[in-house]
Amino acid sequence: MEIKYIPEGTITEKQQKDVDIIDSICFAGDPNEPAEEFDINTYEWSAPADGMFMLFDCDRIVAHVSVHKTLTEYNGQQYYLGGFGGLAVLPEYRGKGYARKLAEAALEKAYEIGIDVACMCVNMESGITDFYQKLGFKFLNRPAYFINHGNNEVTDDTVMIMGLKNKILADEILSTNYKFHYGKSKGHW
């Protein structure tokens, strides 16, 4: 097993195909439930991916996570918001610590590329929140704002925050009530 970082724009067609297969398995949802608005394969991220960490089993990709970064502001202060998104591990590879290794690699990369505050949306019913809390993320405990596909401002109340380069700002975001917004681009991660 080997983790490799693939910068955006250098992902091969075969790698993208493997990633798409993983996403279709991991983000498919319950086929008996109505489709949600979120579809990982057509989603517009608010920040372009800097790149993607991929976990290889020989030449097969079995897990991945992307790293995102965007310039935004909080209470009049500009900063880099980012983090990772789309963490997906094929079912037969779960429970072996690979998600943790990918998440830690993504956070190290986020720090390296200058992200002040890491942010993520979490499926509250997935049981994954404890995992992210152990990494250092804390719940925002109020809605976060972003621009959806229809160019409307909407909220998400499943956001977790962690300070990377600017822990003081992360603490301010967590402890004050100023509007927390992903930025002017559509989507979030």
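Details of the structure are given in the entry above.
Summarised in this report is the structure supplied together with it. (Residues numbered from 1 in each chain as written. Predicted model: local features only at pLDDT ≥ 70, side-chain atom pairs only at ≥ 80, totals over all residues. Heavy atoms only, no water.)

**Quick word on helix α4 (residues 167-175)**
Turning to α4, its buried residues are Leu 169, Ala 170 and Ile 173. Projected onto a plane normal to the axis of α4, the buried residues spread over an arc of 100° and lie on a single side. Opposite the packed face of α4, turned more than 90 degrees from it, sit the exposed residues Lys 167, Ile 168 and Ser 175. Its buried side turned inward, α4 meets β3 (60-74), β4 (77-89), β5 (117-121) and β9 (159-163). (Buried < 20%, exposed > 50% of the residue type's maximum accessible area, 1.4 Å probe, protein only. Helix = DSSP H or I, 4+ residues; strand = E, 2+ residues; numbered from the N terminus. Arc of directions from axis to C-beta. Contact = heavy atoms within 4.5 Å.)

**Description of the state of the cysteines**
Summed over all chains, the structure comprises zero disulfides. The thiol sulfur of Cys 119 is not disulfide-bonded, and the nearest other cysteine sulfur, from Cys 121, lies at 5.9 Å. (Disulfide = S-S within 2.5 Å.)

**Looking at the sheet that holds β4**
Strand order in this open sheet of seven strands is β1-β2-β3-β4-β5-β9-β6, and the pairing throughout is mixed. Only two strands of the sheet have a single neighbouring strand rather than two, namely β1 (2-7) and β6 (138-139). The sheet contact formed by β5 and β9 spans five bridges and is antiparallel. Following the sheet pairing, Ala 118 is matched in β9 by Met 162. Sitting on the sheet, α4 touches β3, β4, β5, β6 and β9, and the angle it makes with β9 is about 150°. (Pairing = 2+ DSSP bridges. Axes fitted to C-alpha atoms, helices over the stretch in contact; angles between N-to-C directions.)

**Some points on the pattern of salt bridges**
Scanning all chains against the criterion turns up five salt bridges. In this structure, Asp 18 engages Lys 14 in a salt bridge whose closest nitrogen and oxygen atoms are separated by 3.0 Å. Taken together, the residues Asp 18 and Lys 14, both in helix α1 (residues 13-26) and four residues apart, mark about one turn of the helix. Residue Lys 14 is classed as partly exposed on the basis of its relative accessible area, which comes to 46%. (Salt bridge = Lys/Arg side-chain N within 4 Å of Asp/Glu carboxyl O.)

**Quick look at unusual backbone geometry**
Positive phi outside glycine occurs at Cys 58, with the angle close to 60°. Looking at the element boundaries, Cys 58 is found in the loop between β2 (49-57) and β3. Overall, Cys 58 belongs to the exposed group, its relative accessible area being 71%. Backbone geometry places Asn 151, a non-glycine residue, at a positive phi of 65°. Among the secondary structure elements, Asn 151 is positioned in the loop between β7 (144-147) and β8 (153-156). The class of Asn 151 is exposed, set by a relative accessible area of 53%.

**Observations regarding the nonpolar core**
With 38 residues, the main nonpolar core has Phe 84, Leu 107, Tyr 132, Leu 135 and Phe 137 as its most contacted residues. Listed in part, the 15 residues of the second largest apolar core include Val 117, Leu 140, Ala 144 and Ala 170. (Core = buried A, V, L, I, M, F, W, Y, C linked by side-chain atoms within 4.5 Å.)

**A look at the side chain of Gln 15**
Mapped onto the elements of the fold, Gln 15 is located in helix α1. The exposure class of Gln 15 is buried, given its relative accessible area of 14%. Among residues more than four places away in sequence, those in contact with Gln 15 are Ile 6, Thr 10, Met 54, Phe 56 and Ile 61.

**With respect to the environment of Ile 61**
Take Ile 61: it is sitting in strand β3. Relative accessible area serves as the criterion here: at 2%, Ile 61 is assigned to the buried category. Along the primary structure Ile 61 and Gln 16 are separated by 45 residues, whereas in three dimensions their C-alpha atoms are 9.5 Å apart. Residues within four places of Ile 61 in sequence aside, it is in contact with Gln 15, Asp 18, Ile 22, Met 54, Leu 55, Phe 56 and Leu 90.

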